[in-house]
Amino acid sequence: MIRVLIADDQAMVRQGFGALLAAQPDLLVVGDAADGAAAVTQARRLDPDVVLMDVRMPVMDGLEATRQLAASPGAGPRVLILTTFDLDDYVYEALRAGASGFLLKDAPAADLVQAVRVVAAGDGLLAPSVTRRLIAEFAARPRSQRPRPTALNALTPRETEVLRLIARGRSNQEIAADLVVAEQTVKTHVGRILAKLGLRDRAQAVVLAYESGLVAAGE
């Protein structure tokens, strides 16, 4: 059973999403919150697997709430950002803050349900097409001067190659075709990459690859 917390300042949104998710046999809505501060408090008290987090909320916005949850001891919940705008700066900052993905508020109901399941599974909600738009965001920003994290040295040459392909928006199936290996082999590589780098999911891997300079936008 996937435990879900809904954080949004609009009561109708909380109720609507809550009813939709509660109707699914594998999802359990454990609570809701009307602002970011309450979301952090409720998440620490109720221990959800996934937090649906609106960006613009009073008291504390969704970005700061995401940062605080990502910095919590232990695994913590995965955060799925709900936004009205497709890949605006808020979404970019949310991914940097530790969010596992994002979803437009006007997405079809089936997409919301699937998004919760995907994020709960640790895959990260960044479809290849979305990753490519995120790459465009990086391309428009100054090149990072931050030193390459030493953790990257723990990756094997093949794992480093897979990480570069993930960052370029390739799906597991596409990576398998590029490297002429089985898709299950790619999944194994991805799992090892996340474990070695201490990342929650694919979304965080993409951000790290660009911010560390492992991959440069436009390559």
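One can find the structure itself at the top, above this paragraph.
I will try to describe carefully the structure that is included in this document. (Residues numbered from 1 in each chain as written. Predicted model: local features only at pLDDT ≥ 70, side-chain atom pairs only at ≥ 80, totals over all residues. Heavy atoms only, no water.)

The residue Val59 is not glycine, and still its phi comes out positive at about 70 degrees. Residue placement: Val59 occurs in the loop between strand E3 (50-54) and helix H3 (62-70). Here Val59 falls in the exposed class, since its relative accessible area comes to 72%. (Helix = DSSP H or I, 4+ residues; strand = E, 2+ residues; numbered from the N terminus. Buried < 20%, exposed > 50% of the residue type's maximum accessible area, 1.4 Å probe, protein only.)

Summarising the element assignment, Asp35 is placed in the loop between strand E2 (27-33) and helix H2 (36-46). No salt bridge is formed by the buried Asp35, whose closest oppositely charged neighbour, Arg14, lies at an N-O distance of 8.3 Å. Only 3.0 Å separates the side chain of Asp35 from the backbone nitrogen of Ala37, close enough to count as a polar contact. What Asp35 contacts, discounting residues up to four positions off in sequence, is Met57, Pro58, Val59 and Met60. (Lys, Arg positive; Asp, Glu negative; His and termini not counted. Salt bridge = Lys/Arg side-chain N within 4 Å of Asp/Glu carboxyl O. Polar contact = N/O pair within 3.5 Å; in protein donor to acceptor, adjacent residues only side chain to side chain. Contact = heavy atoms within 4.5 Å.)

Read across the sheet, 5 strands follow the order E2-E1-E3-E4-E5 without closing on themselves; strand pairing throughout is parallel. Every interior strand has two partners, whereas the edge strands, E2 and strand E5 (101-104), have only one. Sheet twist, expressed as the mean angle between neighbouring strand axes with direction ignored, is 25 degrees. In the sheet, E3 pairs with strand E4 (residues 78-83) via 5 bridges, with the strands oriented parallel. Counted as the bridge partner of Val51 is Val79 from E4. (Pairing = 2+ DSSP bridges. Axes fitted to C-alpha atoms, helices over the stretch in contact; angles between N-to-C directions.)

Attention shifts here to the nonpolar core. With 23 residues, the main nonpolar core has Leu152, Val162, Leu163, Ile175 and Leu197 as its most contacted residues. At the level of secondary structure, the elements contributing two or more residues to this core comprise helix H7 (157-167), helix H8 (172-179), helix H9 (183-197) and helix H10 (202-211). Beyond its immediate stretch of four places on either side in the chain, Val162 contacts Ile175, Leu179, His189, Val190 and Ile193. (Core = buried A, V, L, I, M, F, W, Y, C linked by side-chain atoms within 4.5 Å.)

With that settled, the discussion passes to the packing of H7 against H8. The contact between H7 and H8 brings their axes to 10 Å, and the two run at 130 degrees. One element, H7, and the other, H8, form an angle in the oblique class. As H7 runs across H8, the sense of the crossing is right-handed. Of the residues in H8, those in contact with Arg158, Glu161, Val162, Leu165 and Ile166 of H7 are Ile175, Asp178 and Leu179. When grouped by side-chain class, the residues that make up the contact of H7 with H8 number 5 nonpolar, no polar and 3 charged. (Parallel < 35°, antiparallel > 145°, perpendicular 65-115°, else oblique. Left-handed = near helix turned anticlockwise from the far one by under 90°. Nonpolar A, V, L, I, M, F, W, Y, C, P; charged D, E, K, R; others polar.)

It is at 8 Å that the axes of H2 and H3 come closest, and there the two elements cross at 25 degrees. Here H2 is positioned roughly parallel relative to H3, judged by the angle of their axes. Crossing angle aside, the handedness with which H2 passes H3 is right-handed. Together, Gly36, Val40, Ala43 and Arg44 of H2 and Ala65, Gln68 and Leu69 of H3 make up the contact between the two elements.

Its location among the elements puts Arg45 in helix H2. A relative accessible area of 57% places Arg45 in the exposed class. Side chain to side chain, Arg45 and Gln42 meet in a polar contact 2.8 Å long.

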